[in-house]
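# What the coordinates show
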Amino acid sequence: MEAILIINNVDFTPWLRSGGLQQTEIVRRGRSVVTLDGTEYRSELVKRGITVSLVELRDGTWYRLMDALRVRPATVQYIDDRLGRVIRQFYVDGPTAAAKTVRGGHTYFSGGAFSLEEK
């Protein structure tokens, strides 16, 4: 299945770096109880975390993508490792990039990255 990443109706997929879409499980709340016979019972609330890395972007594209991240929590459509195509609400953390070069009156940004954590 082809990877997709659409945030607040803006498609980030064409600008994903190779290997730049990583999913993790975040345990928000975990509880465990050990009974007198030594048996452990666990319960966890698991949420999805996504780390996104972008290719070098021209200033206009970078600003358009960052505008999509201003609405928080963000509505994110992506391919989940377990569930397939889903739409969920995510908190956005730390969009960062470095202005790399200026050519022809345009600034190019490299190292664009941010992370998402399911609401």
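Described in the following lines is the structure provided in the data block. (Residues numbered from 1 in each chain as written. Predicted model: local features only at pLDDT ≥ 70, side-chain atom pairs only at ≥ 80, totals over all residues. Heavy atoms only, no water.)

## A word on the overall build of the protein
The test is simple: Runs of H or I in DSSP of at least four residues are treated as helices and runs of E of at least two as strands, each being numbered from the N terminus. As a reference, a globule follows 2.2 Å times the number of residues to the power 0.38, and the radius of gyration itself is taken over C-alpha atoms. Burial status follows relative accessibility: with a 1.4 Å probe on protein chains alone, a residue under 20% of its type maximum counts as buried, one over 50% as exposed, and anything between as partly exposed.
Check the secondary structure of the protein and you find 1 helix and 8 strands. Listed by position from the N terminus, the elements making up the protein come as β-β-β-β-β-α-β-β-β. Relative to the globule expectation of 14 Å for 119 residues, the C-alpha radius of gyration of the protein, 18 Å, shows a markedly less compact shape. Across the 119 residues that make up the protein, the buried fraction comes to 34%.

## A short note on helix H1 (residues 59-68)
What counts is decided by this rule: Note on definitions: a residue-residue contact is assigned when non-hydrogen atoms from the two residues lie within 4.5 Å.
Listing the buried residues of H1 in full gives Asp59, Thr61, Trp62, Leu65, Met66 and Ala68. Buried positions along H1 lie against strand S1 (5-7), strand S2 (10-11), strand S4 (40-54), strand S5 (57-58), strand S7 (84-103) and strand S8 (106-118).

## Side note on the pattern of salt bridges
Basically, it comes down to this: Any carboxyl oxygen of Asp or Glu within 4 Å of a side-chain nitrogen of Lys or Arg constitutes a salt bridge here.
Considering all chains together, one arrives at 7 salt bridges under this definition. For Asp67, the salt bridge is made with Arg70, and the minimal N-O distance between the two is 2.2 Å. The exposure class of Asp67 is partly exposed, given its relative accessible area of 41%.

## Thoughts on the environment of Gly84
Tracing the backbone through its elements, the reader meets Gly84 in strand S7. Gly84 sits 81 residues away from Ala3 along the chain, and the two C-alpha atoms are 9.9 Å apart. In contact with Gly84, not counting residues within four places along its chain, are Tyr78 and Ile79.

## With respect to the environment of Ala3
Here Ala3 lies in the segment before S1. Ala3 gets classed as partly exposed once you look at its relative accessible area, which sits at 39%. Excluding residues within four positions of it along the chain, Ala3 makes contact with Thr13, Leu21 and Ile79.

## What about the pairing of S4?
The following threshold applies: When DSSP locates at least two bridges between a pair of strands, those strands are taken to pair.
Here 14 bridges tie strand S3 (residues 16-34) to S4, and the two strands are oriented antiparallel to one another. Residue pairing across strands places Val33 opposite Tyr41, the latter belonging to S4. Alignment of S4 against S8, held across 5 bridges, turns out to be antiparallel. Its bridge partner lying in S8, Ile50 is registered against Leu116.

All quantities given are derived from atomic positions and should not be read as evidence of function.
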